[in-house]
Structure formats: C-alpha cells, structure tokens
Amino acid sequence: RPGDVLIGIASSGFHSNGFSLLRRLIPRGSVGQEWARELLTPTRIYVRSLKGLLGPGAPAGLKGMAHITGSGFLNLPRISSQMSYEIRLPEDREIPRIFQWVRERSRLPLKDLARTFNLGVGLVLAVESSRAMGVMRRLRSRGEKCWEIGEVVKRRRGRGSEIFLGDALGQTAVLDYDE
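None of these values were measured; they are calculated from a predicted model.

Asks: Can you help me understand the nonpolar core in this one?
Replies: Note on soluble globular proteins: their nonpolar side chains tend to be buried together. In terms of nonpolar packing, the biggest core is built from 36 residues, with F73, L76, F117 and L119 touching the most fellow members. Those residues in contact with F73, other than ones at most four positions away along the chain, are I68, L89, A114, F117, N118, L119, V121, I163 and L175. I9, L50, M136 and L139 belong to the second-largest nonpolar core, a separate cluster that totals 14 residues.

If you want it as structure tokens, here you go:
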C-alpha cells in the first residue's frame, strides 16, 4: 500500500550481476586482490536473517520482498506491479567501495547502473510503516546492515509501475517496469 516503508538490506557484492560489463571495465590482469575478493563474493541468501519475520508467530507488517539480482532495481515491482516505489540509495560510505569504483570507471548514468547492479542493496522489504523500526531492529540483531530506503507510492494514472531512484550525489533516475 502507499506509505509502506521500504527497507534495504546490504548486499554482499554484485549478486552475480553485470559481469559482462565488469569484464569490459577491468583490464585483463589488473584486478588487485582486494577487488578480486569483492568481485568473487557469493550472492547472499537472506533466509537465516528473515526466518523470524516470516511464518507463524512472526510479527505482522512484512508485506513483500524483492531480491535485487538480475535486472537490478527493476525487481521491485515483483512486490506488486500495481504500485510504484521511491528509493533513496544509502550513502557511498555505507556500501561496498567497488560500486563507487564501477560508477566512476563506467561513467554510466544512475538509470543504467540501477538496471544492472544492486548498488549495495541486496534485498528490499516492504513493511507497514508502524512496524519498520521493529523489523530493522530485528534484522540488526541478526547481524544485518539495513536502512530505510524509501516507500511504496501510488502508481501514476496511465502509467505502469515505476521506480523513482535517487542517490547521495543528488542524481535521480526513473525506471519503468514493463509488465
């Protein structure tokens, strides 16, 4: 529903996305050990952290979730394609440095980056606004880095689901979801 809060949970890295682009950006043999480790970090599976939020006895309030893998933030309408989503990405200091490196190296606009990469946000939860702080406390108690990154908004008349994205640098983008 409009007004539901979007909580982003930190990614472990690229979550198996964008490696064709990454191969073009990184000259052969030039990756240092630090970047190589970040590039090869396996995709996070969030089951353990979410267990207490799902199923019988779980606190009410969790409305949906989207794993930000292939197609980047275009996965958000999997929560509901009848809604749109406003996202404010975490600051660069909050996410793995390699995403900033890719942004600088590729010089791609935010729209293209957000269609390819998770930009440091690996899973997005839609939660009733009154329950968001409790959900984030529970996630943090399980060792998750998470942020309130936005909200569910009403779809614009005559439009499909859209993702309105902004970053800490003041750049914005609109991603259109084609059903």
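Anyway, onward from the coordinates.
Asks: Explanation requested: unusual backbone geometry in the structure shown.
Replies: Only a minority of non-glycine residues have a phi that is not negative, and only a minority of peptide bonds are not trans. Despite not being glycine, R107 has its phi angle at roughly 60°, a positive value. The residue R107 is located in the loop between α4 (97-106) and α5 (110-116) in this model. By relative accessible area, R107 is classed as exposed at 73%. One non-glycine residue with positive phi stands out, namely L119, at about 55°. When you line up the elements, L119 lands in the loop between α5 and β4 (121-127).

Asks: Explain the pairing of strand β3 (residues 83-88) to me, please; I cannot follow it from the model alone.
Replies: If a strand is regular, its side chains alternate between the two faces of the sheet. Pairing between β3 and strand β5 (residues 146-154): five bridges, direction antiparallel. Residue I87 lies in a different strand from β5, and its bridge partner there is G150. Relative to strand β6 (residues 162-166), β3 is paired through four bridges, and the arrangement is parallel. Across the sheet, Y85 pairs through a bridge with I163, a residue of β6.

Asks: Looking at this structure, I do not really get empty space enclosed by the protein. What am I missing?
Replies: Over the atoms rolls a probe the size of a water molecule, and its path tells where empty space is left. Enumeration over the complete set of coordinates arrives at one cavity of 30 Å³ or more. For the largest cavity, the calculated volume is near 100 Å³. Around the largest cavity sit L89, P90, D92, I95, F99, Q100, R103, L119, D167 and A168, which together line it. Per-class residue counts for the lining of the largest cavity are six nonpolar, one polar and three charged.

Asks: What exactly am I supposed to notice about the environment of T43 here?
Replies: As for its position among the elements, T43 is in the loop between α2 (33-39) and α3 (47-50). Take T43: its relative accessible area is 26%, and that puts it in the partly exposed class. Through-space distance from the C-alpha of T43 to that of S12 is 6.4 Å; in sequence the pair is 31 residues apart.

Asks: Looking at this model, I keep getting lost on the pattern of salt bridges. Mind explaining?
Replies: Opposite charge on two side chains permits them to pair, given that their charged atoms come into close proximity. Tallying each qualifying case throughout the model produces eight salt bridges. For E91, the salt bridge goes to R93, with nearest N and O atoms at 3.3 Å. Classification of E91 by relative accessible area gives partly exposed; the value is 40%. Accessibility expressed as a relative area gives 62% for R93, which makes it exposed. The residue E162 makes a salt bridge to R156 at a minimum N-O spacing of 2.7 Å. Here E162 falls in the buried class, since its relative accessible area comes to 1%. Look at the salt bridges and you will find they share partners, linking R156, R159, E162 and D176 into a network.

Cut-offs and rules
Residues numbered from 1 in each chain as written. Predicted model: local features only at pLDDT ≥ 70, side-chain atom pairs only at ≥ 80, totals over all residues. Heavy atoms only, no water. Core = buried A, V, L, I, M, F, W, Y, C linked by side-chain atoms within 4.5 Å. Buried < 20%, exposed > 50% of the residue type's maximum accessible area, 1.4 Å probe, protein only. Contact = heavy atoms within 4.5 Å. Helix = DSSP H or I, 4+ residues; strand = E, 2+ residues; numbered from the N terminus. Pairing = 2+ DSSP bridges. 1 Å grid on protein atoms, 1.4 Å probe; cavity = no way out; pocket = protein on both sides within 12 Å on 5 of 7 lines; lining within 4 Å. Points joined across faces, edges and corners; volume = space filled by probe spheres on them. Nonpolar A, V, L, I, M, F, W, Y, C, P; charged D, E, K, R; others polar. Salt bridge = Lys/Arg side-chain N within 4 Å of Asp/Glu carboxyl O.

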